[in-house]
Amino acid sequence: QAGFRPLQVVSAFFSTMGFFKLWGLSLDLDKSYVWGLTPQCRQIMAYLGLSLKQDVLELGGNMCFGRPRRNRLLKARALLLTGKWAKLRRSRAPAAQKVAILPASFWAVALHGVAICPVPDGHLHDLRQSANKALRWNQAGSNAMLRFALQPNMMADPGFYHVMLVLTTFQRICRGSHTLLACWRWWFQSFQGDLQQGPFSVLLTTLTSVGWELVDPPWIRDHLGGDHDFLLMSGPLMKQLIQDAWLLKVAQNVHHRPTMAGLTGIDRHVTVETNTTLTAHQLSLQMALQSGTFIDTWSHSKYDKSKQGYCQVCDCPNTHQHLLVCSKYQHLREKFSLTSAELTSWPPCFAHHLLCPRSPFVDALRAYFLNVPDKSNIFDSGPEADEVNHLFTDGSCFAHGRRETHLAAWAVYNATTQRPLGTGPVPGLEQTIGRGELSALIFALRWALHFQVKTHLWIDAKWVHDGFQQRKRHTPNGDLWLEVDNLLANGAAHLVDSSWIPSHLDLARCESPFEEWIARNNAAVDVMAVRCNHERPQSLWTLVNQQRDWDQCWRDRLQKLRHYYFHIYEITHQPPSASEVIPVVSSDEEENEGSLYSFADVLSGASDFCTFQATTGFPFSFLQNLMSWIHDHDDCEEVPRPVSLLEVTVGLLHFDPIHFPHRNPTTGEWTDQDRLLLFERPTLAYYLGIVQKTFQYLATQFRSLDPILRSINCLNLGVHIPQKGIFLRLPRALRSDINMMLGGFTRTRPVRRSADLARPL
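Residues numbered from 1 in each chain as written. Predicted model: local features only at pLDDT ≥ 70, side-chain atom pairs only at ≥ 80, totals over all residues. Heavy atoms only, no water.

Novice: Got a minute to help me understand helix 28 (residues 620-632) in this structure?
Specialist: The periodicity of an α-helix, 3.6 residues per turn, causes residues three or four positions apart to be oriented the same way. Between its first and last C-alpha atoms helix 28 spans 18 Å; for 13 residues at 1.5 Å apiece the expected length is 18 Å, and the two agree. Those residues of helix 28 lying buried are Phe-622, Leu-623, Leu-626, Met-627, Trp-629 and Ile-630. What you see down the axis of helix 28 is that its buried residues fit within an arc of 155 degrees, all on one side. (Helix = DSSP H or I, 4+ residues; strand = E, 2+ residues; numbered from the N terminus. Expected span 1.5 Å × (residues − 1). Buried < 20%, exposed > 50% of the residue type's maximum accessible area, 1.4 Å probe, protein only. Arc of directions from axis to C-beta.)

Novice: Would you mind showing me how to read the pairing of strand 9 (residues 455-459) here?
Specialist: Within strand 9, five of the five residues are buried, which leaves the element mostly enclosed by the surrounding structure. In strand 9, alternate side chains face the same way, and those of Thr-455, Leu-457 and Ile-459 on one face and His-456 and Trp-458 on the other are all buried. Pairing of strand 6 (residues 389-398) with strand 9, which is carried by five bridges, proceeds in the parallel orientation. Within strand 9, the position partnered with Leu-391 by the bridge is Leu-457. Pairing geometry for strand 9 and strand 10 (residues 496-500), over five bridges, is parallel. (Pairing = 2+ DSSP bridges.)

Novice: Explain the pattern of salt bridges to me, please; I cannot follow it from the model alone.
Specialist: What the rule picks out here adds up to 18 salt bridges. Its salt-bridge partner being Arg-358, residue Asp-363 comes within 2.9 Å of it at the nearest N-O pair. Salt bridges here are not isolated pairs; linked through shared partners, they connect Asp-244, Asp-267, Arg-358, Asp-363, Arg-366, Arg-402, Glu-404 and Asp-551. (Salt bridge = Lys/Arg side-chain N within 4 Å of Asp/Glu carboxyl O.)

Novice: When you look at the environment of Ser-621 in this model, what are you seeing that I'm missing?
Specialist: Of note, Ser-621 is situated in helix 28. For the pair Ser-621 and His-659, spaced 38 residues apart in sequence, the C-alpha separation works out to 9.3 Å.

Novice: Just to check I follow, could you spell out the nonpolar core for this structure?
Specialist: As a rule of thumb, soluble globular proteins bury nonpolar side chains together. The biggest cluster of nonpolar side chains holds 104 residues, and the ones touching the most others in it are Leu-102 and Trp-184. Top contributing element to this core by residue count: helix 25 (residues 538-572), with 11 residues. Discounting chain neighbours no more than four positions away, the residues touching Trp-184 are Phe-170, Cys-174, Phe-200, Leu-203, Leu-214, Pro-217, Pro-218 and Phe-230. Leu-645, Val-648, Tyr-697 and Phe-727 belong to the second-largest nonpolar core, a separate cluster that totals 46 residues. (Core = buried A, V, L, I, M, F, W, Y, C linked by side-chain atoms within 4.5 Å. Contact = heavy atoms within 4.5 Å.)

Novice: Help me out: how do you make sense of the sheet that holds strand 6 in this one?
Specialist: Sheet strands pair by backbone hydrogen bonding; their relative direction is either parallel or antiparallel. With respect to topology, five strands assemble into an open sheet ordered 8-7-6-9-10, the strand pairing being mixed. Each edge of the open sheet is held by one strand with a lone partner, namely strand 8 (419-425) and strand 10. Each strand axis lies, on average, 20 degrees off the axis of its neighbour in the sheet, ignoring direction. Where strand 7 (residues 407-414) and strand 8 come together, six bridges link them in antiparallel fashion. In the strand pairing of strand 8, Val-412 is matched with Gly-422. Its contacts with the sheet put helix 21 (residues 433-451) on strand 6, strand 7, strand 8, strand 9 and strand 10, and the angle it makes with strand 6 is roughly 155 degrees. (Axes fitted to C-alpha atoms, helices over the stretch in contact; angles between N-to-C directions.)

Novice: Would you explain the packing of helix 9 (residues 158-176) against helix 10 (residues 178-190) in this entry?
Specialist: Any two packed helices are characterised by how steeply their axes cross, that is the angle between the axes, and by the distance between the axes. Closest axis-to-axis distance for the helix 9/helix 10 pair is 5 Å, and the angle between their directions is 115 degrees. Residue-level inspection shows Phe-170, Ile-173, Cys-174 and Gly-176 of helix 9 in contact with helix 10, the latter providing His-178, Leu-180, Leu-181 and Trp-184. When the residues that make up the contact of helix 9 with helix 10 are grouped by side-chain class, the tally is six nonpolar, two polar and no charged. (Nonpolar A, V, L, I, M, F, W, Y, C, P; charged D, E, K, R; others polar.)

Novice: Is there a simple way to explain the side chain of Thr-455 in this structure?
Specialist: Looking at where Thr-455 falls in the secondary structure, it is placed in strand 9. When its relative accessible area of 3% is taken as the criterion, Thr-455 is described as buried. A polar atom in the side chain of Thr-455 sits 3.2 Å from the backbone oxygen of Val-453. (Polar contact = N/O pair within 3.5 Å; in protein donor to acceptor, adjacent residues only side chain to side chain.)

Novice: Would you mind going over helix 14 (residues 280-290) with me for this structure?
Specialist: Where helix 14 is concerned, the buried positions are Gln-286, Met-287, Ala-288, Leu-289 and Gln-290. Residues of helix 14 that are buried make contact with helix 8 (144-149), helix 13 (268-271), helix 16 (320-323), helix 19 (348-353) and helix 25. One or two positions beyond helix 14, positive phi appears at Gly-292, with a value near 100 degrees.

Novice: Where do I start with the sheet that holds strand 5 (residues 227-229) in this structure?
Specialist: The strand order across the open sheet built from three strands is 3-4-5, with neighbouring strands paired in antiparallel fashion. Looking along the sheet, the strands with just one partner apiece sit at the ends: strand 3 (213-216) and strand 5. Shown here is a sheet whose adjacent strand axes are inclined to one another by a mean of 35 degrees, direction ignored. In the sheet, strand 3 pairs with strand 4 (residues 219-221) via three bridges, with the strands oriented antiparallel. Bridging from a neighbouring strand, Asp-216 pairs with Trp-219 of strand 4.

Structure (structure tokens):
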């Protein structure tokens, strides 16, 4: 039993008990329970002696019947996806197929029951990050929320999926239940700001998350200020508006980044819906760039010491902004008709990440369509008395370009009197041919009901004719079909009949007078509908033309700029020529011939390192200890051999170790400390960075000779990225011990990228 007050439940319980006793039956009290939304209700119903439920685990579902908002079972479902994430990561299917299965195979499981259970933003963030890692999209700088929002199907994002699932589920259930709308209104009238577990609080929270608000059930207000009947709102329109609201939310989350400046919103039509001509590889590159991935070596060099942060041509930081003006790519800018001044004048969000800002004309177009008057009750002429009036209905739609510029209209023509009965534009944000056809049908029904005359409709849209004849309603355009039902219930059903006719008949090919009559009158109503679409206010045509020009301008910019980036990628990722990189193998099986000098010989020619501490920040004692270590292990009987700085770092840490500089977190000063006495052990990457910075300083002291080797092959040590190094005369035993120590470090986890060094040795 259920009731709005505890006494109603108590009364219903005893009435049920009395009914069962009348028939000699009994209730199974062990399987009966009561619950209440407030402590007072639960206290009253506890006197019944039944089990009082208030926790999700007791009820076996996501919802609890009390003020606490419990959703741990919902969170636990995410753990069930652990194995599926691993399979998705190992799968060799194309990325598009992997993304396509996310809504049905992952989000449907993880977000089951969210229509009545509140979901924290952190839970959705964790799901998004898990998908991002499984798809291998977690590049440096990439924003997962932005990347999933720019997919062809936005349902791939768990946040957007959650919003659409809550709204569509509530709308579907509310349409099928006559009592839910009354409960919704009662809840809204008594709402005082306390959110509880249940569908109404979840709906309100979800609407607020995308900038929508609840006006008065079932009326809601979107993020642009337009009011809509939630129960009659069509699925395509709801999805279109939610997409725009979600992209505004995404833009607000990332516009703080300097390269995202100017991103007040994202124009999906230009940014996403023009990607049909791209190959899978080009689409992957563009998606990575649009999600904020770092593509400049200046950003990568901050955590990847193998990257060169300076442009070797311009001798300046090789930042993302520099890619737009670098003289190295001048031939590409000329090839795609781009100039540095033009690139730097565009919004940074577009110039750096190909994210087209939101169109400035969309809001004005939507405001116009929301204010279009409904002319379906204005009749231009009357009927032919005492005779069946034959009416031809038709719709027209100019569906060129983006959805906001579509124009739809309707018309009705009386073939009996050879007069037009009425015509008008379709009101509302949905400008489709279907709404034009249905608007014409509604006008014809109102006309017949107003004049109370027998009417026969000739309709060239078969789905409209079938829906009218069979009373079979379609989910799209539910508000117009509801109006058709109301008109039929008010008496139009006894006055109006219909027939279907083919559209656009050729008068020259008609074989009978009847076919000529059909073709002539159908052409007349078609001309009326098209003319109505053309006869729009000049202010609207100005907006439409401005929007189309804006779209074309930004499409051309996007086309040129993305191919500019594609060619930069090809240049920077092509295999190096033999003259650029000469790999030097570091192994114990080298020939006895080698360099004539070692780094110890180079150091002997230098006398002054007084700028070391000012340049690097490290204490001068560290440089002295490092130089002493090199001199102490320099065996003049050995042939100088290339040794990577990674091997030098391992030697400095474990074989006759020296104290490395560590920074005081409070004072910011660097002091030499024993690493074994530290509370938290620094990683090998940390120590390698100090050694590289020190040797880089030493290399600058020798203008005539660069002692640093740029590309040493250390594959035999489990290191798959080229290493910088120097020539040294290290004893064989010491080199063997260093290689053994480093081989043990890389045995379980080879070094395939710089991040693999970010763990203690």
